[in-house]
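Commentary on secondary and tertiary structure
If you want the building blocks of each chain, they are given just below.
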Amino acid sequence: MKTQKSFPMPLSYPLAHFKVSVFYLFQLLSIQVDGPDSMDKKVVLITGCSSGIGLSLAVRLASDPDKTYKVYATMRNLAKKERLLECVKGLHKDTLDILQMDVTDRQSILDARDRVVEKRVDILGLPFNEVYCASKFAIEGACESLAVLLQHFNIHVSLIECGPVNTDFLVNLQKAELGDTSLQQVDTHTVSLYEKYLQHCGSIFQNAAQDTEDIVKVFLDGIQSPSPAFRYFTSGVVPPLTKLKITEPDGLQYITAMSKQIFSAEEK
């Protein structure tokens, strides 16, 4: 039996949600596994399961009443696993394993890989965020390149592109607050723009942020589809802006629209 593999890769639009970015360093890998003990389960490896989208997705899949999925939920600090266990309660028997893995630690990744592989698994722009956004654009470019190649191996690569999500992202975000000493040497015009940017971020997360369950539904669409799309948007807010980048290739209308969205007025 030929196995169909898929790689749904979650991405987000940080803060103002209009630049492609990986949501934390979370990845999801899934595959249909064949074998006498597999019961046709899809095996799913998820990183970042101590909170946010990773937690919600692990709970949803591990608690599936039909036991469709075998979930390997990983996190950097296993001391935080109690929240995940509390969420799945007694519904996770035979469907959930929790592993320690830090995606910045190669040995940690290899150790987790060995734990999973031995059970037979085939691996299935925003202002003031310039470097952050650059790294996320790189991920999208890498995924586009992989998608072209991997289709010849019956592997589907998908990007899950989110808007703002109700997680601890803003709480954990390291940023300079107005009045910080780090801003004392910054000119007043830049500080004024930064203030508007912070106001915009707060407003976006307050008024437009999605619950993690909304994001999980999109992941499920990609996982369950026999022919998953390359790109999924979780919100209807983003596509009109991305359309500007395609229909107006000089980029000016997109930049103007972004400036209005974030700073509430066109730069003179």
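From a predicted model like this one, the values you see are computed outputs, not experimental measurements.

Reading guide: rules and limits
- The residue numbering used here restarts from 1 in each chain and proceeds along that chain's sequence as written.
- In keeping with the model being predicted, local features are shown solely for residues with a pLDDT of at least 70 and side-chain atom pairs are shown and tallied solely at 80 or more, while totals for entire chains, interfaces and linings include all residues.
- To get the side-chain values, all heavy atoms of the structure are used, and hydrogens and water are removed first.
- To obtain an axis, a line is fitted to C-alpha atoms, over the contacting stretch when the element is a helix, and the angle between two such axes runs from 0 to 180 degrees between their N-to-C directions.
- Per the convention used, a helix needs a DSSP run of H or I reaching at least four residues, while a strand needs a run of E reaching at least two, with both numbered from the N terminus.
- Note on convention: near helix rotated counterclockwise from far helix by under a right angle means a left-handed crossing. Clockwise means right-handed.
- Between two residues, a contact is recorded if the distance between any of their heavy atoms is within 4.5 Å.
- Under the scheme applied, nonpolar residues are Ala, Val, Leu, Ile, Met, Phe, Trp, Tyr, Cys and Pro; charged residues are Asp, Glu, Lys and Arg; polar residues are all the others, including Gly.
- Under the scheme applied here, a residue whose accessible area is under 20% of the maximum for its type counts as buried, over 50% as exposed, and between as partly exposed, the area being computed with a 1.4 Å probe on protein chains only.
- Under this definition, polar contacts are N or O atom pairs within 3.5 Å; protein pairs additionally need one hydrogen-donor-capable and one acceptor-capable atom, and for neighbouring residues in sequence, both atoms have to be side-chain atoms.
- How sure the predictor is of each residue is captured by pLDDT, a score from 0 to 100.

1. Brief notes about the packing of helix α1 (residues 52-62) against helix α2 (residues 81-88)
At a closest axis distance of 9 Å, the pairing of α1 and α2 adopts a crossing angle of 35 degrees. Both α1 and α2 take part in a crossing whose hand is right-handed. In this structure, α1 uses Leu 55, Ala 58, Val 59 and Ala 62 to contact α2, whose residues at the interface are Arg 83, Leu 84, Cys 87 and Val 88. In terms of residue class, the contact of α1 with α2 is built from 7 nonpolar, no polar and 1 charged.

2. Quick word on the side chain of Ser 108
Topologically, Ser 108 is positioned in helix α3 (residues 106-117). What makes Ser 108 buried here is its relative accessible area of 6%. In this structure the side chain of Ser 108 is engaged in a polar contact, spanning 2.8 Å, whose partner is the backbone nitrogen of Asp 102.

3. Things to note about the confidence of the model for the protein chain
Confidence in the prediction for the protein chain averages 75 pLDDT; 76% of positions are at 70 or higher. Ranking the elements of the protein chain by mean pLDDT puts strand β2 (residues 21-22) last, at 28, and strand β6 (residues 96-100) first, at 91. Low pLDDT, under 50, characterises residues 6-38; the stretch is placed with 162 contacts to residues that sit more than four places away or in other chains. Predicted confidence for residues 120-124 stays below pLDDT 50, and this span has 20 contacts to residues more than four positions away or in other chains.

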